[in-house]
Amino acid sequence: DFFARALGQELAAFYTQRVVIDNRAGAGGLIGNKMLSLAAPDGYTLGMVSVTRLITELIRDEPPYRSLADIVGVAHVASITNVLVVAPALPVRTATDLVAYARVRRGELNYASLGTGSASHLAGELFTRALRVDAVHVPFSRLPDLYVEMFLGRVQYAVHTLPAVLGLVREGRLRALAVMSRERSPTLPSLPSIAESGLPEAQFDRWSGVVAPRGTPGRIVEQLHGDIVRALRTKALRDLFLSQGAESTPESTPDGFMRLMQEEYLHYEGLIRSWGIRRE
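Description of the structure in this document. Everything quoted here is computed from the prediction, not taken from an experiment.

Thresholds applied
- Residues take numbers from 1 onward in each chain, read along the sequence in its written order.
- Where totals are concerned, whole chains, interfaces and linings use all residues; where local detail is concerned, this predicted model gives features only for residues with pLDDT of at least 70, and gives and counts side-chain atom pairs only at 80 or more.
- The basis for every side-chain value is the complete set of non-hydrogen atoms in the structure, without hydrogens or water.
- We count a stretch as a helix when DSSP gives it H or I for four or more residues in a row; a strand needs E for two or more, and each element gets its number in order from the N terminus.
- Each radius of gyration reported is based on C-alpha atoms, and the globular scaling rule is 2.2 Å times the count of residues to the power 0.38.
- For every residue, the accessible area obtained with a 1.4 Å probe (protein chains only) is divided by the maximum for its type, and the residue is called buried under 20%, exposed over 50%, and partly exposed between those limits.
- Every residue pair with non-hydrogen atoms within 4.5 Å of one another is taken to be in contact.
- All accessible areas in this document rest on Shrake-Rupley with a 1.4 Å probe, and a residue is counted as covered only by the protein chains that are shown.
- Only strands joined by at least two bridges in the DSSP assignment are considered to pair.
- Here a polar contact is recorded for every N or O atom pair within 3.5 Å, except that within protein the pair must consist of a potential hydrogen donor and a potential acceptor, and residues adjacent in sequence are included only if both atoms are side-chain atoms.
- In this description, a nonpolar core means a group of buried Ala, Val, Leu, Ile, Met, Phe, Trp, Tyr and Cys residues linked to one another through side-chain atoms lying within 4.5 Å.
- Between N-to-C directions, angles span 0 to 180 degrees; the directions come from axes that are lines fitted to C-alpha atoms, helices contributing only their stretch in contact.
- To estimate the expected span of a helix, subtract one from its residue number and multiply by 1.5 Å.

1. Concerning the overall build of the protein
Scanning the protein for helices and strands turns up ten helices and nine strands. Radius of gyration (C-alpha) of the protein: 19 Å, near the 19 Å computed for a compact globule of 280 residues. Each principal axis of the C-alpha distribution contributes one length, and for the protein these read about 60 × 45 × 30 Å. Looking at the 280 residues of the protein, the share that counts as buried comes to 53%. Restricting the contact set of the protein to residue pairs at least 6 apart, pairs at least 24 apart contribute 75%. Here the protein has roughly 13000 Å² of accessible surface; of this, 50% comes from carbon and sulfur atoms.

Pasting the structure below:
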């Protein structure tokens, strides 16, 4: 929602007409993504998607849409930092501290996500399995409920996007241990990366981008891509993204973004199948 609204404001200024943000939340993004797949391919209905579009199809026996076959890539909008956060009362200060702490308390720790098959679930599962941590997955349907359980210490850790946890980290209500990437984030430059922490196998990258329904004419896709890239290159939008823990990616191309999504699809298909994750 944040990226759609920020980009929509810039595009509205270019077009001198309103850009409507229709936030169809629910069911792990299924509702909005299904609507996008069924939309007319005329360039007037676009989707702001993330890895969740791919995951939602992969964890269902009868998915209501085809995550890649129903769309064409328009522009990769942002790379999003993920953060490993813990309950403030937990006596750990680094990611390696958490691994050591969990290994001597096998089965006693819980990690939180925004539902089975969500990106936060896969990120938490990757951390837990890659580092051989014995912890229980606790899914939530609402972010505020997840935070309350972490504040109370009933859930010990989670992996979420930096925009989602930045305010709570700065307030000291959650403790950040590492960003789940190879490099540090310019938003929290003092926080080490998971690779720098000696745990590169737990790296988990996120992205957000704009797509159009399959069949949208190429000339329209190219026009939209050019307008979006122009917006991403403005200092105001770059600074706004950085303030929320994300980096704009104006160097993308429609084909390049489509290839990124195809590579991500194959990657997560392998993980989901090997882990046996299905929608509960």
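Read on for the rest.
2. As for the pairing of strand β2 (residues 71-80)
Along β2, nine of the ten residues are buried, which leaves the element largely enclosed by surrounding structure. Taken together, the eight bridges between β2 and strand β8 (residues 206-213) define a ladder with antiparallel strand orientation. Residue pairing in the sheet places G73 in a bridge with V211 of β8. Where β2 and strand β9 (residues 246-248) come together, three bridges link them in antiparallel fashion. Following the sheet pairing, A78 is matched in β9 by S248.

3. Brief notes about the side chain of S113
With respect to the helices and strands, the residue S113 is situated in strand β4 (residues 109-113). Here H137 takes part through its side chain, which lies 2.6 Å from a polar atom of the side chain of S113. Sequence-distant contacts of S113, defined by excluding residues within four places in its chain, comprise S118, S120, H121, H137, V138, P139, F140 and L146.

4. Overview of the nonpolar core
Judged by nonpolar contacts, the single largest core of 48 residues is most densely connected at L84, L98, F127, Y157 and M261. Top contributing element to this core by residue count: helix α10 (residues 254-275), with eight residues. Apart from the residues lying within four places of it in its own chain, the contact partners of L98 are L84, V86, L90, V92, L109, F127, Y157 and L177. Counting residues in each nonpolar core, the second largest holds 21 residues, with L7, A75, I80 and I220 among its members.

5. Description of unusual backbone geometry
Notably, T16 is not glycine yet its phi reads approximately 50°, a positive angle. Note that T16 resides in the loop between α1 (2-15) and α2 (30-38). With a phi angle near 55°, R132 is a residue other than glycine that sits in the positive phi range. For R132, the position within the fold is in the loop between α5 (119-130) and β5 (135-139). For R132, a relative accessible area of 58% translates into the label exposed.

6. A few points about the sheet that holds β2
What the four strands build is an open sheet, ordered β1-β8-β2-β9; its pairing is antiparallel. At either margin of the open sheet sits one strand with a lone partner, and together these are β1 (47-50) and β9. The mean inter-strand angle of the sheet, taken between neighbouring strand axes irrespective of direction, is 35°. On top of the sheet, helix α9 (residues 235-243) reaches β2 and β9; it is set at about 160° to β9, its chief contact.

7. Here's the deal with helix α7 (residues 162-171)
For α7, the complete set of buried residues consists of L162, V165, L166, L168 and V169. Along its buried surface, α7 packs onto β3 (82-86), α6 (143-151), β6 (157-161), β7 (175-179) and α9. Phi turns positive one or two residues past the end of α7, at G172, with a value near 80°.

8. Notes on α10
Taking 1.5 Å of rise per residue, the 22 residues of α10 would be expected to cover 32 Å, and the 32 Å separating its terminal C-alpha atoms lies within 8% of that figure. Along α10, the residues that are buried comprise P254, F257, M258, M261, E264, Y265, Y268, E269, L271, I272 and W275. Its buried side turned inward, α10 meets β1, α3 (51-58), β2, α5, β8 and α8 (218-232).

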